Amino acid sequence: MADVANEAGEVEKKAEISYPIKVLYCPECTLPLEYCEFQSDVVLQRCRAWREGNQDILEQEGIDISALSIEEPSGDKKRQKRGGKGHLKTQKKKEPVVVKVARVPRAKRKFMTRVQGLGSFDINLKKAAKLFAQKFSCGSTVSGEDEIMIQGDVTDDLIDLILETWSEIDDDHIKDIGEVKK
């Protein structure tokens, strides 16, 4: 015990800390026992069950169990949840319109094919872009909200593929615009 004088001049006796300090870790949450209470509810229940089953080990180590008690959660306690969806934008239901296929010039004699309007038929644009890339052996990407860009001039083959793959799209719904500027 060390004698320490406080502000009033009285001598207090404080326990000396012996180093190295031995820290016990909870086998459930792998944190020191003092920090188990900050875990999620599922892990907290496992920590609580381990403590109840191993009180004799904790007493042998000289740990004050009452200081480490984990209180039962009360119903009014609200925990903050990480992340969250925030404000989701509601998408308007689009009526099926025309699928526009256009040829967009790149450099010199190179072209890209632009497809617009597939999203209005409830077609997954990422899967459609992947199908186009595999079928035409070229690069394909979803570049806008309802737009797919395909490398190369594949307008004629693309129209045939769209008609074969998606039965809800008729020949009347596809419009070949021809060459347009970006």
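Worth saying up front: this structure is predicted, and the values here are computed from it rather than measured. (Residues numbered from 1 in each chain as written. Predicted model: local features only at pLDDT ≥ 70, side-chain atom pairs only at ≥ 80, totals over all residues. Heavy atoms only, no water.)

Caption draft 1: Highlighting the overall build of the protein. Counting secondary structure elements, the protein contains four helices and seven strands. Each helix (α) and strand (β) of the protein, taken in turn from the N terminus, gives the series β-β-α-α-β-β-α-β-β-α-β. Burial analysis of the protein (182 residues in total) assigns 26% to the buried set. Excluding contacts between residues fewer than 6 apart, the proportion of contacts in the protein whose partners are at least 24 apart in sequence is 47%. Carbon and sulfur atoms make up 48% of the accessible area of the protein, which amounts to about 14100 Å² in all. (Helix = DSSP H or I, 4+ residues; strand = E, 2+ residues; numbered from the N terminus. Buried < 20%, exposed > 50% of the residue type's maximum accessible area, 1.4 Å probe, protein only. Contact = heavy atoms within 4.5 Å. Areas by Shrake-Rupley, 256 points an atom, 1.4 Å probe, with all protein chains shown as cover.)

Caption draft 2: The arrangement of a positive patch on the surface in detail. Taken together, the side chains of Arg106, Lys108, Lys110 and Lys182 present a region of like positive charge at the surface. As for its position among the elements, Arg106 is in the loop between strand S3 (99-105) and strand S4 (111-116). (Patch = residues over 30% accessible without salt bridge, like charges linked within 9 Å, V, L, I, M, F, W, Y side chains within 5 Å. Salt bridge = Lys/Arg side-chain N within 4 Å of Asp/Glu carboxyl O. Lys, Arg positive; Asp, Glu negative; His and termini not counted. Charge placed at Lys NZ, Arg CZ, Asp CG, Glu CD.)

Caption draft 3: Here's a closer look at the environment of Leu161. In this structure, Leu161 sits in helix H4 (residues 155-165). Sequence separation of Leu161 and Leu131 is 30 residues, and the distance between their C-alpha atoms is 9.6 Å. When neighbours within four sequence positions are excluded, Leu161 is seen to be in contact with Leu131, Phe132, Lys135 and Phe136.

Caption draft 4: Local environment of the sheet that holds strand S7 (residues 174-179). Spatially, the five strands line up as an open sheet ordered S5-S6-S4-S3-S7, and their pairing is mixed. Each of the sheet's edge strands pairs with one partner strand only, and the pair in question is strand S5 (140-144) and S7. Direction aside, neighbouring strands of the sheet carry axes that sit 25° apart on average. Inspection of the sheet shows S3 paired to S4 by six bridges, in the antiparallel sense. When the bridges of S4 are listed, Ala102 appears paired with Arg114. Contacting S3, S4, strand S6 (147-151) and S7, H4 runs over the sheet at an angle of about 160° to S3. (Pairing = 2+ DSSP bridges. Axes fitted to C-alpha atoms, helices over the stretch in contact; angles between N-to-C directions.)

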